[in-house]
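A closer look at the structure
Single-letter residue listing:
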Amino acid sequence: MNDLASLRDKIDAIDTELVRLLNERAEVAKEIGTIKNREGLPIYSPEREDKVLRSLVQKSQGPLRPEAIRAIYCEIMSASLALEKDVAIACLGPAGSNSHQAAKSKFGSSVRYLFLSDVADVFREVRKDEADCGVVPIDDPDHGVANSTLDQLAESDLVVCAQIALQTENSDSNVAAARFFVIGKNTNPPSGNDCTMLLLRIEDKPGALVSALEPFKTLNINLSHFASRHAAKGSNDVFFFVEAAGHTRDLQMVDLFRELSKRCRAVKVLGSFPKAASSEV
Ligand SMILES: O=C(O)C(=O)C[C@]1(C(=O)O)C=C[C@@H](O)C=C1
């Protein structure tokens, strides 16, 4: 037998074993799905997916690149999700849009996608349980921050449960990352690698913002993103959206919220979710 044929025989044997193992894994995922459905737990577990991916990337000795491992496991977990429930993800259409691509890079090709025409509709479909989660833009290199998403987050009781970085190419062929949020109804448990999006409502007067940000410095909590919006018409308040390192259940977050509540008109937690993988940003 020539080299090529014998190497292909080897691959056939490995594939047979891989598919057997994948089906065995899928059976376990179905059992997890039965428990989750029985106990009313969320099917999508971003903190668990993040832990699985980080641990596999760390254990892998190559030659597969980390991005390849992430892409393969995105599809494996997508297939698990679809076996656990008829999972639907709402995003901005049409099929093939940046939002759809971002959603597919997180949820894979086994789940169902609903295409909506604006961000408010994505929030509405998730609130009505027509979709399990929604994917909405938060910032992109060409258009900056998506104000419609900030406005919906300020009003809505939905939370940010994951983020997605999508590499996009602009007209000058520069590659940059557009960021999207996954929104849902459930608060994530800690993954050990989280950040928290907060909305601070602050009076529009000198020194108010500096005072509100001071506790982050004192408690040594890193801030990674920052955006502002005027609160409702006729009000003299400004909304500041900040992304801080850590999870709301971290001990130092308790201290942070106590300090913030003294310095801000209102503080709203928009969600704690796993940080993007370093190769994604
Ligand atoms: O561990 C779980 O909760 C599962 O449902 C299994 C699994 C997986 O395939 O590993 C699938 C979907 C979840 O989002 C997370 C992980």
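Residues numbered from 1 in each chain as written. Predicted model: local features only at pLDDT ≥ 70, side-chain atom pairs only at ≥ 80, totals over all residues. Heavy atoms only, no water.

Digging into the domain arrangement of the protein
Structurally, the protein comprises domain 1 (86–184) and domain 2 (194–280). Here the C-alpha centre of domain 2 lies 22 Å away from the C-alpha centre of domain 1. Counting from both sides, the interface comprises 19 residues of domain 1 and, opposite them, 19 residues of domain 2. Together, the buried faces of domain 1 and domain 2 total about 1400 Å²; carbon and sulfur atoms form 55% of this surface. Counting the contacts that link domain 1 with domain 2 gives 2 salt bridges. A salt bridge links Glu243 to Arg179, with the nearest nitrogen and oxygen atoms 3.2 Å apart. Here the side of domain 1 that touches domain 2 gets 7 residues from one element, more than from any other, and that element is strand S5 (residues 159–169). (Domains from an automatic or database assignment. Contact = heavy atoms within 4.5 Å. Buried area = accessible area lost by both parts, 1.4 Å probe. Salt bridge = Lys/Arg side-chain N within 4 Å of Asp/Glu carboxyl O. Helix = DSSP H or I, 4+ residues; strand = E, 2+ residues; numbered from the N terminus.)

Re the packing of helix H2 (residues 46–59) against helix H3 (residues 66–84)
In the contact formed by H2 and H3, the axes pass within 10 Å of each other and the chain directions differ by 145 degrees. Relative to H3, H2 is oriented so that their crossing is right-handed. For the pair H2 and H3, contact is made by Glu49, Val52, Leu53, Leu56 and Val57 and by Pro66, Ile69, Arg70, Tyr73, Met77 and Leu81, respectively. (Axes fitted to C-alpha atoms, helices over the stretch in contact; angles between N-to-C directions. Left-handed = near helix turned anticlockwise from the far one by under 90°.)

Focus: a nonpolar patch on the surface
Together, Ile14, Leu18 and Leu22 line one region of the surface with nonpolar side chains, adding up to about 260 Å² of accessible area. Mapped onto the elements of the fold, Ile14 is located in helix H1 (residues 3–39). (Patch = residues over 30% accessible without salt bridge, like charges linked within 9 Å, V, L, I, M, F, W, Y side chains within 5 Å. Areas by Shrake-Rupley, 256 points an atom, 1.4 Å probe, with all protein chains shown as cover.)

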